[in-house]
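Structural description and commentary
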Amino acid sequence: MKSVKEFISGPAFRLLGYRPQRVSVDAWDREYRDGDWKYLESIGSIAGQASILGYVQFLKPDTVLDVGCGAGVLAGKLKVLPFKSLLGVDISAEAIAQANAAFADGRTSFAVSDADGFETDRTFDMIIFNQCMYYLPDPRATLRHYMRFLKPNGRVLVSMCDSARTRAMWPLLEREMAVEDAMTFAQSEGRGTTKVFKP
Ligand SMILES: C[S@@+](CC[C@H](N)C(=O)[O-])C[C@H]1O[C@@H](n2cnc3c(N)ncnc32)[C@H](O)[C@@H]1O
């Protein structure tokens, strides 16, 4: 059954278009310190992560950028794969401290950065946005920004829970890049979709 929030927000997003979910950096830090995001490590969040794991295993990137990586839960799952390097970036210093403590190693590193302010002279075979795109103010501009860091024939993976907000966002992303494949999943934490974009 549709929640009351979805019932109200559905028409609002259809009328007004995509609006980000606004959360301050202080709130992110506090939530990570308080363990509010620990559920991302639970069995109820596996399906979405498994969809990404499957695509990464299939596409075999050497170099991976995980934007909005949080405490590195996805990086921890991807460790079974033979990538050469994975860089995770997140706006929360607390999340990055936890990611470094749990998952940093010779090929996996993490850094604090606002997604839209991220700069590097490196390029990547795969750029992942797992459950973070709907916090960003202008997802189309974000995708354009990250095209500079994508190697030729690279892929962008976007995974998002299903909501009125994300339903308003997918068409914006699809105006920027072609969808090569998509997987929908249903898990205890809700339904969602992972899409593989090709420039
Ligand atoms: C729902 S959590 C998902 C974390 C991680 N991708 C995972 O699946 O475990 C959303 C993450 O987006 C990050 N985030 C939100 N706004 C951001 C921004 N402007 N730049 C970078 N990261 C951001 C938050 O700090 C948080 O870690």
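Let us look at the structure shown here.

Moving on: the pairing of strand β5 (residues 150-161). Here strand β4 (residues 124-130) pairs with β5 via six bridges, running parallel. Within β5, the residue paired with F124 across the bridge is L150. As judged from the six bridges shared by β5 and strand β7 (residues 190-198), these two strands associate in the antiparallel manner. If you follow C161 over to β7, its bridge partner there is G192.

Evaluated as defined, the whole model comprises nine salt bridges. Close ionic contact of K84 with D62 constitutes a salt bridge, the shortest N to O distance being 3.4 Å. One end of the pair, K84, is in the loop between α4 (73-78) and β2 (85-90); the other, D62, is in the loop between α3 (46-59) and β1 (63-67), with 22 residues separating them in the sequence. The class of K84 is exposed, set by a relative accessible area of 58%. Looking at D62, the relative accessible area reads 34%, which means it is partly exposed. A salt bridge links E119 to R148; the nearest nitrogen and oxygen atoms lie 2.7 Å apart. Residue E119 is found in the loop between β3 (108-112) and β4, and its partner R148 is found in the loop between α6 (139-147) and β5; the two are separated by 29 residues along the sequence. Beyond isolated ion pairs, a larger network of salt bridges with shared partners links R140, R144 and E176.

So, about the side chain of T63. Summarising the element assignment, T63 is placed in strand β1. Overall, T63 belongs to the buried group, its relative accessible area being 15%. For T63, the residues in contact, after removing those within four places along its chain, are S85, T123, F124, D125, M126 and K151.

Looking now at helix α5 (residues 93-103). Turning to α5, its buried residues number three or more, namely A95, I96 and A99. Buried positions in α5, seen along its axis, are confined to an arc of 95° and lie on one side of it. Residues of α5 that are buried make contact with α2 (25-33), β2 and β3.

Regular strands place their side chains on alternate faces of the sheet. The element β4 is largely enclosed, with a buried count of six among its seven residues. Alignment of β1 against β4, held across four bridges, turns out to be parallel. Bridge pairing links L65 to I127 in β4. A crossover connection joins β4 to the parallel β5 through α6; in handedness this β-α-β unit is right-handed.

Attention now goes to α2. Residues three or four positions apart in an α-helix share a direction because the helix packs 3.6 residues into each turn. Of all the positions in α2, only A27, W28, D29 and Y32 are classed as buried. Among the structural elements, α5 are those in contact with the buried residues of α2. G35 lies just past α2 and shows a positive phi near 80°.

About the thresholds
What you see as residue numbers is a count from 1 along each chain, following the sequence as written. Residues qualify for local features only when their pLDDT is at least 70, as the model is predicted, and side-chain atom pairs are given and counted only at 80 or more; totals for whole chains, interfaces and linings, by contrast, use all residues. The side-chain quantities take in all heavy atoms of the structure and omit both hydrogens and water. Think of it this way: DSSP has to see at least two bridges between two strands before they count as a pair. Runs of H or I in DSSP of at least four residues are treated as helices and runs of E of at least two as strands, each being numbered from the N terminus. Here, a salt bridge means any side-chain nitrogen of Lys or Arg that lies within 4 Å of a carboxyl oxygen of Asp or Glu. Each residue is placed in one exposure class: buried if its accessible area under a 1.4 Å probe, protein chains only, is under 20% of its type's maximum, exposed if it is over 50%, and partly exposed if it falls in between. Contacts: residue pairs with any heavy atoms within 4.5 Å of one another. The directions considered for the arc run from the helix axis to the C-beta atoms. Handedness is read with the strands pointing away from the viewer; a crossover is right-handed when the path from the first strand over the helix to the second is clockwise.

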